[in-house]
Amino acid sequence: MQPTEPTAAAAQAAIAEEFSFFGDWSERYQYLIDLGRKLPPFPDDWKTEANRLHGCQSMVWIVAEGNADALEFHAISDSTIVSGLIYLALRVYSGRSAAEILATTPDYIAGIGLAKHLSPTRSNGLASLLAFIQDTARRHLPAQE
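Let me begin by describing the structure that accompanies this report. (Residues numbered from 1 in each chain as written. Predicted model: local features only at pLDDT ≥ 70, side-chain atom pairs only at ≥ 80, totals over all residues. Heavy atoms only, no water.)

Quick word on the overall build of the protein chain
No. 1: Counting its secondary structure elements, the protein chain contains 7 helices and 2 strands.
No. 2: Helices and strands in the protein chain line up, N terminus first, as α-α-β-β-α-α-α-α-α.
No. 3: Taking 15 Å as the expected radius of gyration for a compact globule of 145 residues, we find that the protein chain reaches 15 Å, a close match to that expectation.
No. 4: Judged by the C-alpha coordinates and their principal axes, the protein chain covers about 50 × 30 × 25 Å.
No. 5: Considering the protein chain as a whole, with its 145 residues, one finds that 45% of them fall into the buried category.
No. 6: Within the protein chain, contacts between residues at least 6 apart in sequence are counted, and of these 65% link residues at least 24 apart.
No. 7: As presented, the protein chain carries roughly 7,400 Å² of accessible surface, and 54% of it is formed by carbon and sulfur atoms.
No. 8: Considering the protein chain, the positive charge centre built from 11 side chains and the negative charge centre built from 17 side chains are found 5 Å apart. (Helix = DSSP H or I, 4+ residues; strand = E, 2+ residues; numbered from the N terminus. Rg over C-alpha atoms; globule rule 2.2 N^0.38 Å. Buried < 20%, exposed > 50% of the residue type's maximum accessible area, 1.4 Å probe, protein only. Contact = heavy atoms within 4.5 Å. Areas by Shrake-Rupley, 256 points an atom, 1.4 Å probe, with all protein chains shown as cover. Lys, Arg positive; Asp, Glu negative; His and termini not counted. Charge placed at Lys NZ, Arg CZ, Asp CG, Glu CD.)

Description of the nonpolar core
No. 1: Formed by 44 residues in total, the largest nonpolar core has its most connected members in Leu88, Tyr108 and Leu114.
No. 2: Those elements giving two or more residues to this core turn out to be helix H1 (8-20), helix H2 (25-36), strand S1 (60-67), strand S2 (70-77), helix H3 (80-93), helix H4 (98-103), helix H5 (107-111) and helix H7 (120-140).
No. 3: Tallying contributions element by element places H3 first for this core, with 10 residues. (Core = buried A, V, L, I, M, F, W, Y, C linked by side-chain atoms within 4.5 Å.)

Re empty space enclosed by the protein
No. 1: Overall, the coordinates contain 1 cavity of 30 Å³ or more when judged by the stated rule.
No. 2: Of the voids in this model, the largest cavity is the one considered here, and its volume is about 40 Å³.
No. 3: By residue number, the principal contributor to the lining of the largest cavity is S2, which donates 3 residues.
No. 4: For the lining of the largest cavity, a count of residues per class yields 7 nonpolar, 1 polar and no charged. (1 Å grid on protein atoms, 1.4 Å probe; cavity = no way out; pocket = protein on both sides within 12 Å on 5 of 7 lines; lining within 4 Å. Points joined across faces, edges and corners; volume = space filled by probe spheres on them. Nonpolar A, V, L, I, M, F, W, Y, C, P; charged D, E, K, R; others polar.)

Topic: the pairing of S2
No. 1: Burial analysis of S2 places 6 of its 8 residues in the buried class, the great majority of the element.
No. 2: Both S1 and S2 contribute to a ladder of 8 bridges, which runs antiparallel. Pairing of Trp61 across the sheet is with Ile76, part of S2.
No. 3: Hairpin connection from S1 to S2: 2 residues lie between these consecutive antiparallel strands. (Pairing = 2+ DSSP bridges.)

Examining the pattern of salt bridges
No. 1: If you walk through the whole model with that rule in mind, you get 6 salt bridges.
No. 2: The residue Asp44 makes a salt bridge to Lys47 at a minimum N-O spacing of 3.7 Å.
No. 3: Residues Arg138 and Asp135 are paired through a salt bridge, measuring 2.8 Å at the closest nitrogen-oxygen approach. Pair noted here: Arg138 and Asp135 are both in helix H7, with a separation of 3 residues, about one helical turn.
No. 4: A residue is classified by how much of its surface remains accessible, and Arg138, at 47% relative accessible area, is partly exposed.
No. 5: On the basis of relative accessibility, which here comes to 37%, the residue Asp135 falls in the partly exposed class.
No. 6: Several salt bridges share partner residues, and in doing so they unite Glu5, Glu18 and Arg91 into one network. (Salt bridge = Lys/Arg side-chain N within 4 Å of Asp/Glu carboxyl O.)

Next up, the structure:
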């Protein structure tokens, strides 16, 4: 997924602004589901155990491509809400440099009130997704001497 905003910070601000238009959480959940439907197609041959993200109750597959200058993430879930969570994370992090990924805390989660409205299993899955993205970025940075 390619970034739609120039920076991760701009993506987080855009997410916060979009979610502010919704008055209650049933509307926000519906928007999250709609966002999940916008994920780019994920090839069936990528749905392997090696690409499966563990720590999620739902089935989630994720693949990273690129280098320290630009890491692109591709992911999908069998859950509509989790697919929406993936869409938000990829909107913030995919297509960014490893340094920008590591410098960006996922403030949008608290900013839109998501942390308070996710079940513990979805919160754990989101944490696993963000950890995978951060770990991938860390592996792509040159070793510090």
